[in-house]
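So the chains spell out like this:
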Amino acid sequence: MEKKRIVTGDRPTGKLHIGHYFGSLKNRVKLQEDDKYEQYILIADVQALTDNFNNPEKVRKNVRELVLDYLSVGINPEKTTIYIQSLIPETAELTVFYSNLVTIARLERNPTVKTEIAQKRDLFGESVTYGFLGYPVSQAADITAMDGTIVPVGEDQLPLIEQCREIVRKFNSIYGDVLKEPEAVLSDARRIKGLDGNEKMGKSLGNAIYLSDSVEEVNKKVMSAVTDPGRIRKDDKGNPDICMVSYYHNLFSKDEYKNICEECRNGQRGCVACKKQLAQNINKTLEPFREKRKYYEQHPEIIDEILIKGTEKARITAKETMKKVKKAMKLDYFEK
Ligand code: TRP
């Protein structure tokens, strides 16, 4: 049976945190073991530039950070192809072709784009760039260049996949049946709240535990996590439903979780001990990640090799797609 191709990726704009782990990385590690799939992960440096065009250093530096994060959690380059978007020039070409198939109004209505523009007032002021507005088009190019059929996404990315599907249908209806319509697959992944109880864990919010955090950093951060404010003394009865420590116990201390909540409700568990236990369990999860990271940090040449090989492999498919696309669009000059 032919394997279904998964295309997924991230913008290299910062270190990944435990929210990314539960949100997508864990799922990717699982998917690479599944014989039904063949997984490609792109490092979306071109897309990162759409909202960091004024900061190329940041994007450059984070490409390697991102690969380190991937490898540390167990993305296996023998099973998953990791590649760099800007080294697949076919995606840039496709983006130009697709840009005729999508209206400005449709892009402006894209909920993901709309939300992001609102969040990036600092960067764009009142007027958004052409490149940023068009990034869903280039994302459609990423996916279709690789012949992707499955795109595992979080809820917030769904409109991007819908936009890609529309472009594919439009392309096929005009130029012939060339492109595959990808399917968004919502993973059972969940969005993880921040240490301060904010709905989102994020760098700018200062409420994240990074995959690359040291034992000491994790300990310190967990101590700062927001707990039930009504609980002052150790034997006060607590409400774990409004406590971030209990929230993370549910992720990192699965077996003990029920017990923890019960003890908290009965006033039998002090917050400090509870936090120490949580920090310990988070560190237990992160420990194998730290070991792998250390290995790759000491062998930067292996990272280069992974990226070069992955990109070469991805490029083969992109070239094949390009050939079909140009033929369909009557741009196959001098091709035999
Ligand atoms: N939009 C994704 C993000 O914000 C990154 C991305 C770029 C992507 N191209 C993709 C994801 C193709 C899936 C498929 O991180």
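Residues numbered from 1 in each chain as written. Predicted model: local features only at pLDDT ≥ 70, side-chain atom pairs only at ≥ 80, totals over all residues. Heavy atoms only, no water.

Draft legend 1. Region of the structure containing the packing of helix H4 (residues 89-98) against helix H9 (residues 135-145). At a minimum axis separation of 8 Å, H4 and H9 run at an interaxial angle of 125°. Between H4 and H9, the angle falls in the class oblique. Crossing angle aside, the handedness with which H4 passes H9 is right-handed. In contact with Thr91, Leu94, Thr95 and Tyr98 of H4, H9 contributes Val137, Ser138, Ala140, Ala141, Asp142, Thr144 and Ala145. Of the residues belonging to the contact of H4 with H9, the class tally is six nonpolar, four polar and one charged. (Axes fitted to C-alpha atoms, helices over the stretch in contact; angles between N-to-C directions. Helix = DSSP H or I, 4+ residues; strand = E, 2+ residues; numbered from the N terminus. Parallel < 35°, antiparallel > 145°, perpendicular 65-115°, else oblique. Left-handed = near helix turned anticlockwise from the far one by under 90°. Contact = heavy atoms within 4.5 Å. Nonpolar A, V, L, I, M, F, W, Y, C, P; charged D, E, K, R; others polar.)

Draft legend 2. Seen up close, unusual backbone geometry. Unusually for a residue other than glycine, Asp147 sits at a positive phi of about 60°. Position of Asp147 relative to the elements: it lies in the loop between H9 and strand S4 (150-153). Unlike most non-glycine residues, Lys330 shows phi in positive territory, near 60°. With respect to the helices, strands and loops of the structure, Lys330 is situated in the segment after helix H15 (300-328).

Draft legend 3. The side chain of Asp10, seen in detail. Counting through the fold element by element, Asp10 comes out in strand S1 (residues 4-10). Looking at Asp10, the relative accessible area reads 15%, which means it is buried. Only 2.5 Å separates the side chain of Asp10 from the side chain of Tyr70, close enough to count as a polar contact. The contacts of Asp10, once residues within four sequence positions are left out, are Arg28, Leu42, Ile43, Ala44, Leu66 and Tyr70. (Buried < 20%, exposed > 50% of the residue type's maximum accessible area, 1.4 Å probe, protein only. Polar contact = N/O pair within 3.5 Å; in protein donor to acceptor, adjacent residues only side chain to side chain.)

Draft legend 4. Focus on the state of the cysteines. Using the criterion set out here, one finds zero disulfides in the structure. Looking at Cys271, it has no disulfide partner, and the nearest cysteine sulfur is the one in Cys243, 6.0 Å off. Looking at Cys271, the relative accessible area reads 25%, which means it is partly exposed. In this structure Cys274 is not part of a disulfide, and its nearest cysteine sulfur, from Cys243, lies 6.2 Å away. Classification of Cys274 by relative accessible area gives buried; the value is 9%. (Disulfide = S-S within 2.5 Å.)

Draft legend 5. Summary view of the site of the ligand. The immediate surroundings of the ligand are formed by 13 residues, with Arg11, Gln47, Gln139, Asp142 and Gln157 found nearest. Gln139 is positioned such that a nitrogen or oxygen atom in its side chain is 2.8 Å from a nitrogen atom of the ligand. Look at the ligand: alone it shows 370 Å² of surface, and the protein chains cover 90% of it. Those elements giving two or more residues to the shell around the ligand turn out to be S1 and H9. Among the elements that line the shell around the ligand, the one with the most residues is S1, at four residues. The class makeup of the residues in the shell around the ligand is five nonpolar, five polar and three charged. (Near = heavy atom within 4 Å. Areas by Shrake-Rupley, 256 points an atom, 1.4 Å probe, with all protein chains shown as cover.)

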